[in-house]
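Listed below are the residues making up each chain.
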Amino acid sequence: MTLIELRDLTRSFPGPPEVQALKAVNLSIDEGDYVSIVGPSGSGKSTMLNILGLLDRPTVGEYRIDDVVTGLLDEDERARVRAQRIGFVFQAFHLMPRRTVLDNVLMPMLYSGIPRDEREDRARRTLERVGLGHRLGFLPTTLSGGERQRVAVARAVVSTPSILLADEPTGNLDQATSGEVMSLFDDLRADGLTLVVITHDPAVAARAERRVRITDGRVTEEA
Ligand SMILES: Nc1ncnc2c1ncn2[C@@H]1O[C@H](COP(=O)(O)OP(=O)(O)OP(=O)(O)O)[C@@H](O)[C@H]1O
Ligand SMILES: [Mg+2]
């Protein structure tokens, strides 16, 4: 089943000078795909992820997720699709520093309508899943980099999204810690989650089944 479809998608920033960060991109991603996105700095990778995550809109072209033509959605509808189907992980973790690990993972479910007990139960189970069941009451600042990123991954998947989007998720981690996060991604993939991971690290890119390269806004798929 096709989950994501980009058709002749262009994103320009008006400038001046105008920058065409993505140029007539065509890409489709199936449910359960594990895709890495590689390419030089400034080539358009984050621009692509922001569009996939409904944080930004294309200038021209179409983006469909689950056959929903996202260009036809208003902001509320986009926010709903984002909350229900999309999880994000960033290089800099973006955890709430004064809230416990458990609170950070509860956050995305706050307005979900899920009863409090159930929310707490899910957050705990998700944290156990990423190997942090013993850190529920800790503050993020007291955790290692790899632990922080695992909290961020737990927060991203606690609402059972259809797709996880990650922008340089191992960029702040050393090799061993990066390996931890990669094997967590492998587990999530094995459970059927669709993953799109931007990375500069060839070892991280090699874990994915598909490798998409962006060069100066143009997308090519590597065999
Ligand atoms: N909000 C913006 N306004 C104007 N230009 C932008 C904006 N965001 C990105 N760009 C431009 O679009 C191009 C692609 O940027 P993007 O952030 O997608 O690159 P990237 O591949 O993620 O690079 P990096 O590996 O350094 O993170 C760059 O030339 C950048 O200057
Ligand atoms: Mg970037």
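**Some details on the overall build of the protein chain**
Stage number 1. Secondary structure assignment for the protein chain yields 7 helices and 10 strands.
Stage number 2. Taken over C-alpha atoms, the radius of gyration comes to 17 Å for the protein chain, in line with the 17 Å a tight globule of 223 residues would show.
Stage number 3. For the protein chain, the C-alpha atoms occupy an extent of roughly 50 × 40 × 35 Å along the three principal directions.
Stage number 4. Within the protein chain, the proportion of its 223 residues that are buried is 46%.
Stage number 5. As displayed, the protein chain has an accessible area near 10,800 Å², and 48% of this comes from carbon and sulfur atoms.
Stage number 6. Averaged over its 28 positive side-chain charges, the protein chain has a centre that lies 4 Å from the centre of its 33 negative ones.

**Topic: the side chain of Glu 147**
Stage number 1. Inspection of the secondary structure assignment puts Glu 147 in helix α5 (residues 145–157).
Stage number 2. Overall, the relative accessible area of 14% leaves Glu 147 in the buried class.
Stage number 3. Within the structure, Glu 147 has its side chain in polar contact with the backbone nitrogen of Ser 144 (distance 3.0 Å).
Stage number 4. Glu 147 has contacts with Leu 132 and Arg 135, leaving out every residue within four places of it along the chain.

**Observations concerning the pairing of strand β4 (residues 60–65)**
Stage number 1. Pairing analysis gives 5 bridges linking strand β1 (residues 2–13) to β4, with the strands arranged antiparallel. Bridge pairing in β4 places Thr 10 opposite Val 60.

**Examining the sheet that holds strand β3 (residues 34–38)**
Stage number 1. Overall, mixed pairing links the 6 strands, which are arranged β6-β7-β8-β3-β9-β10 in an open sheet. Two strands in the sheet have a free side with no partner beyond their single neighbour: β6 (86–90) and β10 (218–222). In this sheet, adjacent strand axes meet at a mean angle of 20° when their direction is disregarded.
Stage number 2. Across 5 bridges, β6 lies against strand β7 (residues 163–167) in parallel orientation. Across the sheet, the residue bridging to Ile 86 is Ile 163, located in β7.
Stage number 3. Across the sheet, helix α6 (residues 175–190) touches β3, β7 and β8 (194–198), and the angle it forms with β3 is around 140°.

**Some details on the site of ligand 1**
Stage number 1. Close contacts around ligand 1 come from Phe 13, Val 19, Ala 21, Pro 40, Ser 41, Gly 42, Ser 43, Gly 44, Lys 45, Ser 46, Thr 47 and His 200, and that covers them all.
Stage number 2. One of the side-chain N or O atoms of Lys 45 is found 2.8 Å from an oxygen atom in ligand 1.
Stage number 3. Surface burial for ligand 1 is 57%, taken as the share of its 640 Å² of free accessible area covered by protein chains.
Stage number 4. Elements represented by at least two residues in the shell around ligand 1 include exactly β2 (19–30) and α1 (45–52).
Stage number 5. Top contributing element to the shell around ligand 1 by residue count: α1, with 3 residues.
Stage number 6. Class assignment for the residues of the shell around ligand 1 results in 4 nonpolar, 7 polar and 1 charged.

**Some thoughts on the nonpolar core**
Stage number 1. Of all hydrophobic cores here, the largest spans 36 residues; its most connected members are Tyr 34, Val 105, Leu 127, Val 151, Leu 164, Phe 185 and Leu 188.
Stage number 2. Within the residue set of this core, elements represented by two or more residues are α3 (101–106), α4 (116–129), α5, β7, α6 and β8.
Stage number 3. Take this core: its biggest share by element is 6 residues, from α5.
Stage number 4. Ignoring sequence-local partners within four residues, the contact set of Phe 185 consists of Tyr 34, Val 153, Leu 164, Ala 166, Pro 169, Leu 195 and Val 197.
Stage number 5. In terms of nonpolar packing, the next biggest core, distinct from the first, is built from 27 residues, Leu 6, Ile 163, Leu 165 and Ile 214 among them.

About the cut-offs
Residues numbered from 1 in each chain as written. Chains lettered and ligands numbered in written order. Predicted model: local features only at pLDDT ≥ 70, side-chain atom pairs only at ≥ 80, totals over all residues. Heavy atoms only, no water. Helix = DSSP H or I, 4+ residues; strand = E, 2+ residues; numbered from the N terminus. Rg over C-alpha atoms; globule rule 2.2 N^0.38 Å. Buried < 20%, exposed > 50% of the residue type's maximum accessible area, 1.4 Å probe, protein only. Areas by Shrake-Rupley, 256 points an atom, 1.4 Å probe, with all protein chains shown as cover. Lys, Arg positive; Asp, Glu negative; His and termini not counted. Charge placed at Lys NZ, Arg CZ, Asp CG, Glu CD. Polar contact = N/O pair within 3.5 Å; in protein donor to acceptor, adjacent residues only side chain to side chain. Contact = heavy atoms within 4.5 Å. Pairing = 2+ DSSP bridges. Axes fitted to C-alpha atoms, helices over the stretch in contact; angles between N-to-C directions. Near = heavy atom within 4 Å. Nonpolar A, V, L, I, M, F, W, Y, C, P; charged D, E, K, R; others polar. Core = buried A, V, L, I, M, F, W, Y, C linked by side-chain atoms within 4.5 Å.

Fair warning: the whole summary comes from geometry, so function is off the table for now.
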